[in-house]
Amino acid sequence: MSHIALVTLVVRDYDEAVAFYRDALGFDLVEDTDRGDGSRWVVVRPRGAADGTGLLLARAKDGAQEASVGAQTGGRVGFFLHTEDFAADHARMSAAGVRFLEEPRHETYGSVAVFEDLYGNRWDLLQPAPARS
């Protein structure tokens with residue numbers, strides 16, 4: 001096994017989730033296939049990460065799944081979005097309406113700020129510090 005290909009994120013609505021990840025976060029829509037049963041196979045991935053882990057956006061099917069939307073990691077940061085230009089991506093995302101829960105911090109491991117996606121799932125925007133030799 002070489003890598004994790006997809007992580008499922010339960011969403012309320014396919015189109016609003018695609019719009020957020022594509023327009024606010026700058027992800028690419030990799031696939032959007034109608035499955036013929038009212039559901040779709042929708043995959044987004046950070047722009048330029050052709051072989052990286054993607055998100056499978058899965059619409060909630062019942063009350064239990066609907067209750068998990070936005071709380072899939074129990075209120076903890078559960079997703080980590082790496083960047084090579086923290087300041088530019090933070091500014092772009094802020095201008096696109098992404099809600100940051102804190103001011104940027106500069107830690108020994110890198111520059112970081114916690115933000116929420118459209119459902120309240122918490123993410124780190126993180127530019128790792130250069131590796132020390």
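Being a predicted model, the structure only gives us computed values, none of them experimental. (Residues numbered from 1 in each chain as written. Predicted model: local features only at pLDDT ≥ 70, side-chain atom pairs only at ≥ 80, totals over all residues. Heavy atoms only, no water.)

## Thoughts on the side chain of T83
Then comes step 1: For T83, the location among the structural elements is in the loop between β5 (77-82) and α3 (86-95).
Then comes step 2: You can call T83 buried: its relative accessible area is 7%.
Then comes step 3: One polar contact links the side chain of T83 to the main-chain amide nitrogen of D85, over a distance of 3.0 Å.
Then comes step 4: Of the polar contacts made by the side chain of T83, one reaches the side chain of D89; its length is 2.3 Å.
Then comes step 5: In contact with T83, not counting residues within four places along its chain, are D89, L125, L126, Q127 and P128. (Helix = DSSP H or I, 4+ residues; strand = E, 2+ residues; numbered from the N terminus. Buried < 20%, exposed > 50% of the residue type's maximum accessible area, 1.4 Å probe, protein only. Polar contact = N/O pair within 3.5 Å; in protein donor to acceptor, adjacent residues only side chain to side chain. Contact = heavy atoms within 4.5 Å.)

## Points about the UniProt feature "domain: VOC" (unreviewed entry) in the protein chain
Then comes step 1: Within this numbering scheme, the UniProt entry marks residues 3-128 as carrying the feature "domain: VOC" (unreviewed entry).
Then comes step 2: Secondary structure across residues 3-128 comprises 21% helix and 41% strand; the distance between its end C-alpha atoms is 20 Å. (UniProt positions renumbered as here; feature names shortened; annotations may be inferred.)

## Points about the pattern of salt bridges
Then comes step 1: According to the stated counting rule, one finds nine salt bridges in the structure shown.
Then comes step 2: The closest approach of N and O atoms between D28 and R47, which form a salt bridge, is 3.1 Å. Taken together, the positions of D28 in strand β2 (residues 27-34) and R47 in the loop between β3 (40-46) and β4 (54-59) put the pair 19 residues apart, joining distant regions of the chain.
Then comes step 3: Among the residues examined, D28 registers a relative accessible area of 30% and is labelled partly exposed.
Then comes step 4: Using a relative accessible area of 55% as the deciding quantity, one classes R47 as exposed.
Then comes step 5: As a salt-bridge pair, R105 and E102 come within 3.1 Å of each other at their nearest N and O atoms.
Then comes step 6: Overlapping salt bridges, with partners in common, bring together D15, D32 and R40 in one network. (Salt bridge = Lys/Arg side-chain N within 4 Å of Asp/Glu carboxyl O.)

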